[in-house]
Amino acid sequence: MFGLYIHIPFCRRKCSYCDFNSYAGMEDFHVSYVDALVKEIKFNPSYPGGLREVISIYLGGGTPTFLHHSLLERVLCACHDGFILSPEAEISIEANPETLDGETLRFLKRMGFNRLSIGIQSLNDRLLRILGRGHTVEEAVEALLIARKVGFENVNVDLIFGIPTESLGDWMRTLQRVIDLEPTHISTYPLEIYPGTEMERRILRGELEEVGEDEQADMYLLARDLLTLHGFEHYEISNFTRDGYRCRHNLLYWENDDYLGFGAGAHSHLGNIRFCNLSDPLQYVGEIKKRRSARIRRDELTREMLLSETMFLNLRLLEGVDPKRFGEKFGLLPQDVYGEKLRDLAQKGLVNFGERPKLTEKGLLLANYVFSEFL
Ligand code: SF4
C-alpha cells in the first residue's frame, strides 16, 4: 500500500497566517511547473516497489483548484500513466471556495476525484477577513452545496479555531453551521502564529491579540463534544468523520506507511528512506528541466528512528498503536520497546497503557509533550 502526494504551490493570494510553501502572483509559471511535475511523476526513477498499487492520490497545496482544468488533467493523467492505481483509490483534491463553481466541480468529478477537501476555515466573515482568506461565508456555503449537488459524497471541511477576536460562541456557531451542511469529514486545527507572516506582524504591532492556550483548549474540547454528539467519530487528534469516511491518504502518514511526493518541497517515505524535493518552485523546475533530480535530501532512518516515529504517529490516532501492525513491522510489541516510558506516561494520566497504548483525554490536550517523549 502506498500513496502519492502532489504539491501545487500556487494560490490566488497569500493568507495572513500562511507559512506553507505557497505563492501568489505566479500565474505565468503554472504551465512550466506542471510540465516539470508531469516529467517527475512519469519518469520517477525512485520507486523500487515493483507493482504495488497506489491506494491514494492527494493533490495538496497551495490551492490545486487554482490551476487551469487542462493542467489538472495533465497531472492526473501522469499519475495514471506512471503508476498502477487501485480501482478503489481515494483521489483527493484540496480546494478553496473562491475557486469552486459548478463547472469546476463537475470537471473534478469527471476527472475521477472522489474526495474534496475545502478550506473553509471559519463561517464568520469578520474572522475570514482577519485570516486574509479570499472567500466569504456565503461563497463557502455555496461551494459546499454545489459540491454535494454535482455528486461529491466525500467532502472534508478544514476549520481553524483560536483566531484573534474569536470567542467560544463564534466557534460554536461555525461548528454548528458546518454540522448542518453535513460534510463527511471535518479537520479542526488551532491557529498557529508563524514568524514572518502578516498575522505575526499585526500581533507584534498590537493590532491583534493572540488567543491564549487555555481558550484554545476550550475550543478544542467544544469541537470534540459537539461533533461527537452529532455522530462524528473522533479518529485522529484533529480529525472527525461520519459514516466511515476516514481520510485514507492521511492514514498513510499516521500509520507511518509509504508515500511518494512530487512537486516543490514534497516529501517521500519509502521503508526506511526519507527524501524531499527543493522547496523553491523556480529551482525545482530548473532542476527537472536539466533532467536532474529535484531532491535535496535523502535520509536513511535507523530502526530506533522508525520505532519512535511509528509510536508518535500512531498515537495521533484515537485508537492508538495497533500491536498487530507494530508486531508485523518490528517483530516486537510497543510495550516491549517502550514499557518504561508508557508506564510513566500512564502514571501521569496521559496514556492508557493497555494492550493498545493510546492517548487519554488529558493526553489529547498535551499530545506534543507525549510525542516528545518518543523522540
Ligand atoms: S489558501 Fe492555504 S496555502 Fe494558500 S495562502 Fe491561504 S493558507 Fe496558504
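This is a predicted model, so every value here is computed, not measured.

Trainee: Can you help me understand the overall build of the chain in this one?
Mentor: Counting its secondary structure elements, the chain contains 15 helices and 16 strands. The buried share of the chain, reckoned over its 375 residues, is 57%. For the chain, restricting intrachain contacts to residue pairs at least 6 apart in sequence, the fraction spanning at least 24 positions comes to 68%. For the chain, the computed accessible surface area is about 16900 Å², with 50% contributed by carbon and sulfur atoms. Of the side chains in the chain, 44 bear a positive and 56 a negative charge, and the two mean positions are spaced by 4 Å.

Trainee: Looking at this structure, how should I read the nonpolar core?
Mentor: By size, the foremost hydrophobic cluster in this structure holds 100 residues, and its most contacted members are Ile6, Ile57 and Leu116. In terms of domain composition, this core takes at least three residues from each of domain 1 (2–252) and domain 2 (303–372). Residues within four places of isoleucine 57 in sequence aside, it is in contact with Leu4, Ile6, Leu76, Cys79, Leu85, Glu90, Ile91 and Ser92. Of all hydrophobic cores here, the second largest spans twelve residues; its members include Ile130, Leu131, Ile163 and Leu208.

Trainee: Is there a simple way to think about the domain arrangement of the chain in this case?
Mentor: Where the parts come together, the accessible area they lose is often given as the size of the interface. Domains assigned within the chain are domain 1 (2–252) and domain 2 (303–372). The C-alpha centroid of domain 2 is placed 28 Å from the C-alpha centroid of domain 1. Listed per partner, the contact involves eleven residues of domain 1 and ten residues of domain 2. For the pairing of domain 1 and domain 2, the buried interface totals around 910 Å² over both sides, and the portion due to carbon and sulfur atoms is 60%. The largest contributions to the domain 1 side of the interface with domain 2 come from Arg224, Glu236 and Ile237, which together make up 49% of the buried area. Taken together, the links from domain 1 to domain 2 amount to three salt bridges. The shortest N-O distance in the salt bridge between glutamate 319 and arginine 246 comes to 3.2 Å. Where domain 1 packs against domain 2, one counts five residue pairs in polar contact (both at pLDDT 80 or more). Ranked by residue count, the leading element in the side of domain 1 that touches domain 2 is helix 8 (residues 213–229), at four residues. Considered class by class, the residues forming the side of domain 1 that touches domain 2 number six nonpolar, two polar and three charged.

Trainee: I tried to follow a nonpolar patch on the surface on my own but got confused; where do I start?
Mentor: Among the surface-exposed residues, Leu365, Leu366 and Tyr369 lie close enough to one another that they form a single nonpolar patch of about 250 Å² accessible area. Of note, tyrosine 369 is situated in helix 15 (residues 367–372).

Trainee: Is there a simple way to explain the pattern of salt bridges in this structure?
Mentor: Any two side chains of opposite charge can pair if their charged atoms end up close together. Per the counting criterion, the structure on display carries 22 salt bridges. Here lysine 42 ties to aspartate 81 by a salt bridge, and the two come within 3.7 Å at their closest N and O atoms. Of this pair, lysine 42 sits in helix 1 (residues 30–42) while aspartate 81 is found in helix 2 (residues 69–82), placing the two residues 39 residues apart along the sequence. For the salt bridge of aspartate 170 with arginine 126, the shortest nitrogen-to-oxygen distance reads 3.0 Å. With aspartate 170 in helix 6 (residues 168–180) and arginine 126 in helix 4 (residues 125–131), this pair connects stretches of sequence that are 44 residues apart. You can call aspartate 170 buried: its relative accessible area is 10%. Through salt bridges that share partners, Glu198, Arg201, Arg202, Arg205 and Glu207 make up one connected network.

Trainee: Help me out: how do you make sense of the environment of isoleucine 91 in this one?
Mentor: Locating isoleucine 91 in the fold gives a position in strand 5 (residues 85–95). Separated by 158 residues in sequence, isoleucine 91 and histidine 249 have C-alpha atoms that sit 8.8 Å apart. Setting aside chain neighbours within four positions, we find isoleucine 91 in contact with Ile57, Leu76, Leu85, Gly112, Phe113, Asn114 and Arg115.

Trainee: Which parts of the structure should I look at to understand unusual backbone geometry?
Mentor: It is generally the case that most residues other than glycine have a negative phi and that most peptide bonds are trans. With an omega of 20°, the peptide bond running from glycine 61 to glycine 62 counts as cis. Its location among the elements puts glycine 62 in the loop between strand 4 (54–61) and helix 2. With a phi close to 55°, asparagine 256 is a non-glycine residue in the positive phi region. For asparagine 256, the location among the structural elements is in the loop between helix 9 (248–254) and strand 11 (258–262).

Conventions used here
Residues numbered from 1 in each chain as written. Predicted model: local features only at pLDDT ≥ 70, side-chain atom pairs only at ≥ 80, totals over all residues. Heavy atoms only, no water. Helix = DSSP H or I, 4+ residues; strand = E, 2+ residues; numbered from the N terminus. Buried < 20%, exposed > 50% of the residue type's maximum accessible area, 1.4 Å probe, protein only. Contact = heavy atoms within 4.5 Å. Areas by Shrake-Rupley, 256 points an atom, 1.4 Å probe, with all protein chains shown as cover. Lys, Arg positive; Asp, Glu negative; His and termini not counted. Charge placed at Lys NZ, Arg CZ, Asp CG, Glu CD. Core = buried A, V, L, I, M, F, W, Y, C linked by side-chain atoms within 4.5 Å. Domains from an automatic or database assignment. Buried area = accessible area lost by both parts, 1.4 Å probe. Salt bridge = Lys/Arg side-chain N within 4 Å of Asp/Glu carboxyl O. Polar contact = N/O pair within 3.5 Å; in protein donor to acceptor, adjacent residues only side chain to side chain. Nonpolar A, V, L, I, M, F, W, Y, C, P; charged D, E, K, R; others polar. Patch = residues over 30% accessible without salt bridge, like charges linked within 9 Å, V, L, I, M, F, W, Y side chains within 5 Å.

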